[in-house]
Amino acid sequence: MNSTKIYLSTILNPQTDTKCDYYADGALVVKNDKIIKIGNALQIIKEYSGKKDVIYVDCMDSVMLPSFFDMHFHWVQDDVREMPKDNLLEWLKNYTWPYEAKFKNKAYAEKKAHEFFSRLIATGTLGGACYSSLHETALIEAFKHVVGDFVIGNVLMTMNSPDYLSETKTQAVNKVKKFSSKYKNRYAMTPRFAITTHMEVMQEGAKLAKKNKSFMQTHLSETKNEIDFVLSLFPGHKTYTDIYHKAKMLSAKTIMGHGIHLTKPELQLLAKTKTVIAHCPTSNAPLKEKGLGSGLFDFAQAEKMKVRWALGSDIGGGPYLSMFDVMRSFVDQNKKNKKATYVKALYRSTLAGAEVLEKGKLSGNLNVKKQANFILCPKPKGKLLDAESVLKALIHPYRKTRHEYDYLPTNVFYQGEQLL
């Protein structure tokens, strides 16, 4: 008979944008890989008193949170995270694309996949939506090394791409056919963006994704010069979003990176089709904050229009892996909006992402019957009156040493198994 483990800790359990259950002296009861109870430590200890095969794990010097979902990142851009970013298209051309070309080599891809996904686990991210390079070997290595609830796709690049990082339309479609069939709902059909992908490739790819119940992901309206370039390539379309609509890509299983410069009709279309926006505050942040300076996503307007959204790091447009840094950036950049709380940021970094990936019944928070996917971080000092004050005390001290967020988790658990 497997033992029941009871973790004693301060616990934060996000439920919505405005609600996060807070247990100052909490207990999480885990049997096999599932959560069977969560609540006040004294009550749970009393309930389990005298029962056999119960192991208590004292984590009272820690804060427990659900593991993170990063809804937009490029694992093959890890080494260009802090390269100069004066201009998105120039940054891609000068740094990102030459680096991604290296992933054609299997040995290189395997080494990097092992390193990257080990580091990702250590940051507490165990779910999300990930971009690979266009190479088959890189995608296969990513699936081999990733741990958690991720969808991954190879970028499609059939036009306006360098010779060393291009493919034919037939090659691109064949890869979508192969991998969507193999990985099903773990795969994401991934045009890099409309600039690099022919309309017929996006259309055929969307058909295959829907047939195999795969996800779809791409970039949308990140910068104004990008939008101008896209519209020049697809004459007859009024908006960037309309191009993806014609490609039959908009759906409840589609994740659009950024979505900063969107018109009201575009937001209405995204809402109608239930398409998701992955908001990446650290990537869109000003250059002085190591971002691309793309602008600020108007989350309030998106919510008013009933557009679904979650948070992402956009590695390597974003400079750091940790979703703690993404949460901090979201709150800092939206200081004028009182609804931009740490509780909201936590929800959008956990349960909101899990629900997008159709994993909300299994993961995303610490509710009963869900998988025991959680992280432990050092418990901050001071008055911890509620979830907001705990998160602020945990996150605020590292605002000027942002790289330290990557090392904030002391322990990481996935399906009840300790990974860190």
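Parameters at a glance
- Counting starts from 1 at the beginning of each chain's written sequence and moves along it residue by residue.
- Since the coordinates come from a predicted model, pLDDT governs what is reported: local features require at least 70, and pairs of side-chain atoms require 80 or more to be given and counted, while whole-chain, interface and lining totals use all residues.
- Values shown for side chains rest on all heavy atoms present in the structure; no hydrogens or waters enter the calculation.
- Secondary structure counts use DSSP, requiring at least four H or I residues in a row for a helix and at least two E residues in a row for a strand, with both numbered from the N terminus.
- To get the radius of gyration, use the C-alpha atoms; to get the globule rule, take the number of residues to the power 0.38 and multiply by 2.2 Å.
- For every residue, the accessible area (1.4 Å probe, protein chains only) is compared with the maximum for its type, and the residue is labelled buried under 20%, exposed over 50%, or partly exposed between those bounds.
- Residue contacts are counted whenever heavy atoms from the two residues lie within 4.5 Å of one another.
- Residue exposure ignores everything except the shown protein chains as possible cover, and the areas themselves are Shrake-Rupley values with a 1.4 Å probe.
- Under the convention used here, Asp and Glu are negative, Lys and Arg are positive, and both His and the chain ends fall outside the count.
- To locate a charge, take NZ of a lysine, CZ of an arginine, CG of an aspartate or CD of a glutamate.
- Residue count minus one, scaled by 1.5 Å, sets the expected span of a helix.
- One axis is fitted to the seven residues ending at the residue and one to the seven starting there. The bend at that residue is the angle between these axes.
- Counting of polar contacts relies on pairs of N or O atoms within 3.5 Å, with two restrictions inside protein: one atom must be capable of donating a hydrogen and the other of accepting it, and residues adjacent in sequence are counted only when both atoms are side-chain atoms.
- Salt bridges are defined by distance alone: a side-chain nitrogen of Lys or Arg within 4 Å of a carboxyl oxygen of Asp or Glu.
- Under the pairing criterion, centres of Phe, Tyr and Trp rings, with the six-membered ring standing for Trp, must be within 6.5 Å; the plane angle then separates stacked pairs below 30 degrees from edge-to-face pairs above 60, leaving the rest tilted.
- Criterion for a charge above a ring: Lys NZ or Arg CZ within 6 Å of the ring centre, and within 35 degrees of the ring normal.
- Axis lines are fitted through C-alpha atoms, for helices just across the contact stretch, and the angle between N-to-C directions can take any value from 0 to 180 degrees.
- Here is the rule for angles: anything less than 35 degrees is roughly parallel, anything more than 145 is roughly antiparallel, 65 through 115 is roughly perpendicular, and the remaining ranges are oblique.
- The sense of a crossing depends on the near helix, which, turned anticlockwise from the far helix by less than a right angle, makes the crossing left-handed and, turned clockwise, makes it right-handed.
- Throughout this entry, Asp, Glu, Lys and Arg are counted as charged residues, while Ala, Val, Leu, Ile, Met, Phe, Trp, Tyr, Cys and Pro are counted as nonpolar. The remaining residues, Gly among them, count as polar.
- The rule for pairing is simple: two strands pair if DSSP sees at least two bridges between them.

Remarks on the overall build of the chain
Of regular secondary structure, the chain possesses 15 helices and 15 strands. Taken over the C-alpha trace, the chain has a radius of gyration of 21 Å; the compact-globule value for 420 residues is 22 Å, and the two agree within 12%. Here the chain, with 420 residues, has 59% of them falling under the buried criterion. By sequence separation, contacts in the chain at least 24 residues apart represent 72% of the contacts at least 6 residues apart. Total accessible area on the chain stands at roughly 17200 Å², and carbon and sulfur atoms take up 53% of it. Separation of charge centres in the chain, based on 61 positive and 42 negative side chains, amounts to 5 Å.

A word on helix α2 (residues 88-100)
Between its terminal C-alpha atoms α2 stretches only 16 Å, short of the 18 Å expected from 13 residues at 1.5 Å a residue. Within α2, the axis deviates most sharply at N94, by approximately 35°, and proline P98 lies no more than four positions further along. Of the positions making up α2, those classed as buried are L88, W91, L92, T96, W97, Y99 and E100. Elements in contact with the buried residues of α2: α3 (106-122), β7 (149-156) and α7 (224-233).

Let's talk about the side chain of H72
Note that H72 resides in strand β5 (residues 68-74). According to the relative accessible area criterion, H72 is buried, its value standing at 0%. At a separation of 3.2 Å, a polar atom in the side chain of H72 contacts the side chain of H219.

Side note on the pattern of salt bridges
Per the stated rule, a full pass over the model turns up 22 salt bridges. As a salt-bridge pair, D78 and R119 come within 2.5 Å of each other at their nearest N and O atoms. Of this pair, D78 sits in the loop between β5 and α2 while R119 sits in helix α3; the two residues are 41 residues apart in sequence, bridging distant segments of the chain. Given a relative accessible area of 12%, D78 falls into the buried group. Judged by its relative accessible area of 30%, R119 is partly exposed. A network of salt bridges, in which partner residues are shared, links D325, R328, D332, R399 and R402.

What to know about the packing of aromatic side chains
Going through the model one piece at a time under the given rule, you end up with 21 aromatic pairs. Relative to W309, the ring of F297 lies with its centre 5.8 Å away and its plane at 65°, an arrangement referred to as edge-to-face. With F297 in the loop between α10 (281-284) and α11 (299-304) and W309 in strand β12 (residues 308-311), this residue pair connects regions lying twelve residues apart in the sequence. Take F297: its relative accessible area is 3%, and that puts it in the buried class. An aromatic cluster of at least three residues, connected via ring pairs, comprises F73, W75, Y99, F103, Y108, F116, F117 and F150. Across the ring face of Y48, the terminal group of K51 is positioned such that the distance to the ring centre comes to 4.6 Å. Between the NZ or CZ atom of K253 and the centre of the ring of F215, over which it lies, the distance is 4.5 Å.

Describing the packing of helix α12 (residues 323-333) against helix α15 (residues 387-395)
Geometry of a packed helix pair, given as the angle between the helix axes and the separation of the axes. One can describe the packing of α12 onto α15 by two numbers: an axis separation of 11 Å at closest approach and a directional angle of 110°. Considering their axes alone, α12 and α15 lie roughly perpendicular with respect to each other. The two elements α12 and α15 meet at a crossing, and its hand is left-handed. Along its contact with α12, which presents F324, M327 and R328, the element α15 presents L391, L394 and I395. Partitioning the contact of α12 with α15 into residue classes produces five nonpolar, no polar and one charged.

Quick look at the sheet that holds β12
Spatially, eight strands are ordered β5-β6-β7-β8-β9-β10-β11-β12 in an open sheet, and the strand pairing comes out parallel. The sheet terminates laterally at β5 and β12, the two strands that pair on one side only. Each neighbouring strand pair of the sheet contributes to a mean axis angle of 25°, computed without reference to strand direction. Of the strand pairs in this sheet, strand β10 (residues 254-258) and strand β11 (residues 276-279) are connected by three bridges, and their pairing is parallel.

A look at the pairing of strand β4 (residues 54-66)
Two elements, strand β1 (residues 4-14) and β4, share seven bridges in a ladder whose sense is parallel. Bridge assignment links L8 to a residue of β4, and that residue is D58.

Section: the sheet that holds β1
Taken together, seven strands build an open sheet; the order of strands is β3-β2-β1-β4-β13-β14-β15 and the sheet is mixed. The sheet is open, and its two borders are formed by β3 (34-40) and β15 (417-418), each paired with just one other strand. Note: β1 against strand β2 (residues 20-31), ten bridges, orientation antiparallel. Residue pairing for β2: K5 is matched across the bridge by V30.

What to know about the side chain of T190
Mapped onto the fold, T190 is located in strand β8 (residues 188-191). In this structure the side chain of T190 is engaged in a polar contact, spanning 2.6 Å, whose partner is the backbone oxygen of A188. Among residues more than four places away in sequence, those in contact with T190 are Y131, G153, N154, V155, L156 and Q217.

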